[in-house]
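Report on the structure
Letter by letter, the chains look like this.
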Amino acid sequence: SVHESNASKIEIRKGERIRLIVNHQRATSGDNGRSAARAATGKLFFVAHDDLYGPPHWDTEILRRIPDLDRQYVLHVATGSARDQSLMVPQIFTKARWDELVRRGLPDFESMYSDDDFTEESYADQVVIRALDIVFPHEHPIFGKRKWDEVYAQENRPEAYESGRKLLEERRAARGMKPAVMK
C-alpha cells in the first residue's frame, strides 16, 4: 500500500514479521529516516545504517536502560569513534520523543550534520540517557573500515556537507545556542 501525507510519500510492504518502508522522495539518508519514522508504529525508534553492527544482546540492553517507553528519552550509545562523547550515532529514541520533534517541525537535513543537530537538541532538552558502554561498531569508510562506494560518495559530497552545515547553523541560531556541552 502507499501512504501519502504532506511531508512524505512512502510505500509500506507488510510481511509476517517485517514491514519494509520504501521512500519515494530524495534518495538521501535524511529522507529515508524520516519516512521510516513516520510509518513506524512501535514505542522505540532505532535509526541506524547498514555499516553499524549491534553487540550481543543489544536490544535487551537498550530496553533495560530506558525507564519508560511512554516518555521522551534518547539513548546515547557509542560506536568506537573519537566523537562518541559528543555525537549520537545511531539515534535511539522513544516514540514520545519523535512526536515532540514532529510537533516542533523536522529539519530537512539531506545527510550531513543531522546527527549533530539531533544530539544538541536532545541534550538541550535534557532527555538523554548516556549508555556509552553499549558499542555499535561503525564501519564507515571515513574510519578506513570500508571502501567508498557511490552511496557513500553521494551522502558525503561537498554540497551535502555545505547544506547540512548551513542548516545546523540556522537551527543553532534559532535555538539561541552554540553546540551543547555533553555531560
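Residues numbered from 1 in each chain as written. Predicted model: local features only at pLDDT ≥ 70, side-chain atom pairs only at ≥ 80, totals over all residues. Heavy atoms only, no water.

1. Remarks on the side chain of R172
To keep things clear, this is the line we draw: Going along the chain from the N terminus, every DSSP run of H or I of four or more residues is numbered as a helix, and every run of E of two or more is numbered as a strand. Only protein chains enter the accessibility calculation, which uses a 1.4 Å probe; a residue whose area is less than 20% of its type maximum is buried, one above 50% is exposed, and one in between is partly exposed. Whenever two N or O atoms come within 3.5 Å, that pair is a polar contact, provided that in protein one can donate a hydrogen and the other can accept it, and provided that, for residues adjacent in sequence, both atoms are side-chain atoms.
Within the secondary structure, R172 is located in helix α6 (residues 158-175). Accessibility expressed as a relative area gives 19% for R172, which makes it buried. A polar contact of 2.4 Å, which involves the side chain of R172, links it to the side chain of E120.

2. So, the packing of helix α4 (residues 114-124) against α6
Heads up, the rule is: Note on definitions: angles span 0 to 180 degrees between N-to-C directions of axes, and those axes are lines fitted to C-alpha atoms, for helices only across the stretch in contact. Orientation categories follow fixed angle ranges, with anything under 35 degrees roughly parallel, anything over 145 roughly antiparallel, 65 to 115 roughly perpendicular, and all other angles oblique. Left-handed is the label given to a crossing in which the near helix is rotated counterclockwise from the far helix by less than a right angle, and right-handed is the label when the rotation is clockwise. Only heavy atoms enter the contact rule, under which two residues are in contact if any of them lie within 4.5 Å.
In the contact formed by α4 and α6, the axes pass within 10 Å of each other and the chain directions differ by 15°. With respect to α6, the axis of α4 lies roughly parallel. Between α4 and α6 lies a crossing whose hand is right-handed. Taking contact as the criterion, the partners of D116, D117, E120 and E121 in α4 are, on α6, L168, R171, R172 and R175.

3. A few points about the nonpolar core
For the record, the criterion: Working definition of a nonpolar core: buried Ala, Val, Leu, Ile, Met, Phe, Trp, Tyr and Cys residues. They are joined through side-chain atoms within 4.5 Å.
With 13 residues, the main nonpolar core has I62, L75, V77, I92 and F136 as its most contacted residues. Counting residues per element, the ones that place at least two in this core are β5 (74-78) and β7 (128-135). Counting residues per element, this core draws most heavily on β7, which supplies 3 residues. Counting residues in hydrophobic clusters, the runner-up holds 10 residues, among them F45, M88, F118 and V127.

On their own, these measurements won't tell you what the molecule is for.
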